[in-house]
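Analysis of the macromolecular model
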Amino acid sequence: MLLAAGEVECEYSRGRMRGNMTINNSENLLQSIMESLDRIRHIEPDDIPNIDLYMDQVTTFMDRKLRSSARYPEEDKILTKTMINNYAKNDLLPPPVKKKYSKEHVLVLIFIYYYKNILSINDIQTLLHPITERFFQNGEEFNLESIYREVFSLEEETVERMKEDIREKYGKAEGTFINAPADSVEFLRKFAFICELSFDVYMKKLLIEKLVDDLGREMEKNTSAGKSEKKAKKDKEVKADSNEEGTPVM
């Protein structure tokens, strides 16, 4: 079956449709993985409407842009009204203005979409809160969109490094299980390859969680210091007022 450019390819697995991360069950598995990585693209800020959107328009936009990245595009939910409400309820997403969401709301939702597969809601809140508090609709030249552009400008370089790492892991996996039964070698080598990738993900996830925890402690420390400073200032003002009231009139 021929597919138009940009369409998803049919995946043998369970008769479902796969998205951009299609990996064919072919002899050249590595080439299929490399081609799959080349198809991954983030949402460009210029693709996001500059007008405020209602919730239905936001979910439609996100679905259209991210549907192909889902594991099962025909079934997976990209973004729903319930999700958006929960994000706002948990302080991940700033509240809408008159039920409308700005371009920067959409940028935050994109960050959440990528984070939610590896981080808890609390971790995402810890990570995004300083960003939204300081840069969300701050009216300055350096804003949330500036951060988004800077972060995603690293995408191409990151994918190239990832491809090199995957080639190395794949090569090592192909050299394993030399003495295994012939009818099990292919499966066992794929198993070894998956184990390598899984360990890499596991270690990176631990590192991310450690960094998020450190950020959380820094935020808590700064908050406590700010409260102490504010209390000391208030106590000083109260003391000054008391001294003025106690001064005899000449």
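About the criteria used
- Residues numbered from 1 in each chain as written.
- Predicted model: local features only at pLDDT ≥ 70, side-chain atom pairs only at ≥ 80, totals over all residues.
- Heavy atoms only, no water.
- Helix = DSSP H or I, 4+ residues; strand = E, 2+ residues; numbered from the N terminus.
- Buried < 20%, exposed > 50% of the residue type's maximum accessible area, 1.4 Å probe, protein only.
- Areas by Shrake-Rupley, 256 points an atom, 1.4 Å probe, with all protein chains shown as cover.
- Salt bridge = Lys/Arg side-chain N within 4 Å of Asp/Glu carboxyl O.
- Core = buried A, V, L, I, M, F, W, Y, C linked by side-chain atoms within 4.5 Å.
- Contact = heavy atoms within 4.5 Å.
- Expected span 1.5 Å × (residues − 1).
- Arc of directions from axis to C-beta.
- pLDDT = per-residue confidence, 0-100.
- Phe/Tyr/Trp six-rings, centres within 6.5 Å; stacked < 30°, edge-to-face > 60°.
- Patch = residues over 30% accessible without salt bridge, like charges linked within 9 Å, V, L, I, M, F, W, Y side chains within 5 Å.
- Polar contact = N/O pair within 3.5 Å; in protein donor to acceptor, adjacent residues only side chain to side chain.

All right, on to the overall build of the protein then. Scanning the protein for helices and strands turns up 8 helices and 2 strands. In sequence order, the protein lays out its α and β elements as α-β-α-α-β-α-α-α-α-α. In the protein, which comprises 250 residues, the share counted as buried stands at 30%. When the accessible surface of the protein is split by element, carbon and sulfur atoms take 54% of a total near 17,400 Å².

The subject of this paragraph is the pattern of salt bridges. When their charged atoms lie close together, side chains carrying opposite charge are able to pair. A full pass over the atoms with the stated rule returns 17 salt bridges. Between Lys163 and Asp38 there is a salt bridge, and its shortest N-O distance comes to 2.8 Å. Pair noted here: Lys163 is in helix α7 (residues 155-174) and Asp38 is in helix α1 (residues 29-38), with a separation of 125 residues, a long-range link. In this structure Lys163 comes out as buried when scored by relative accessible area, which is 7%. Classification of Asp38 as partly exposed rests on a relative accessible area of 38%.

With that out of the way, let us pick up the nonpolar core. With 31 residues, the main nonpolar core has Val58, Met62, Leu79, Ile84 and Leu109 as its most contacted residues. Among residues more than four places away in sequence, those in contact with Ile84 are Met55, Val58, Thr59, Leu79, Leu93, Tyr101 and Leu109. Ranked by size, the runner-up nonpolar core spans 11 residues in total, among them Leu29, Met34, Leu37 and Phe193.

Its 12 residues place the ends of helix α2 (residues 55-66) 16 Å apart at the C-alpha level, agreeing with the 16 Å of an ideal helix rising 1.5 Å per residue. Taken residue by residue, α2 has Met55, Val58, Thr59, Phe61, Met62 and Leu66 as its buried positions. Looking straight down α2, one finds that the buried residues subtend no more than 160 degrees of arc, so they occupy a single side. Within α2, the exposed residues directed more than 90 degrees away from the buried face are Thr60 and Arg64. Residues of α2 that are buried in the fold lie against β1 (53-54), α3 (81-89), β2 (100-101) and α4 (103-115).

Turning next to the confidence of the model for the protein. Mean pLDDT for the protein: 84, with 78% of residues reaching 70 or above. Considering each helix and strand of the protein separately, the mean pLDDT is smallest for helix α8 (residues 185-246), with a value of 81, and largest for β1, with 97.

Within the structure shown, the criterion is met by 9 aromatic pairs. Between the aromatic rings of Tyr114 and Phe152, the centroid separation amounts to 6.0 Å while the plane-to-plane angle is 50 degrees, which identifies the pairing as tilted. Of this pair, Tyr114 sits in helix α4 while Phe152 sits in helix α6 (residues 144-152), placing them 38 residues apart in sequence. The buried category is assigned to Phe152, whose relative accessible area is 15%. Arranged with centres 5.5 Å apart and planes meeting at 75 degrees, the rings of Phe135 and Phe142 form a pair that is edge-to-face. Under the relative-accessibility criterion, Phe135 is labelled buried at 16%. What links up through ring pairs into an aromatic cluster is the set Phe111, Tyr113, Tyr114, Tyr115, Tyr148 and Phe152.

Here we take up a nonpolar patch on the surface. Taken together, the side chains of Phe199, Tyr202, Met203 and Leu206 make up a nonpolar region of the molecular surface, amounting to roughly 420 Å² of accessible area. Assignment of secondary structure puts Leu206 in helix α8.

When the terminal C-alpha atoms of helix α5 (residues 121-135) are compared, their 20 Å separation across 15 residues agrees well with the 21 Å that a helix rising 1.5 Å per residue should span. Looking at α5, one finds that the buried residues are Asp123, Ile124, Thr126, Leu128, Thr132 and Phe135. Gln137, located one to two residues past α5, shows a positive phi value of around 45 degrees.

Let's shift gears to the side chain of Asn143. Counting through the fold element by element, Asn143 comes out in the loop between α5 and α6. A distance of 3.1 Å separates a polar atom in the side chain of Asn143 from the backbone nitrogen of Glu145. Residues within four places of Asn143 in sequence aside, it is in contact with Glu104, Phe135 and Asn138.

Moving on to the environment of Pro130. By the element assignment, Pro130 lies in helix α5. On the accessibility criterion, Pro130 (30% relative accessible area) is partly exposed. For the pair Pro130 and Met219, spaced 89 residues apart in the sequence, the C-alpha separation amounts to 8.3 Å. What Pro130 contacts, discounting residues up to four positions off in sequence, is Phe135 and Met219.

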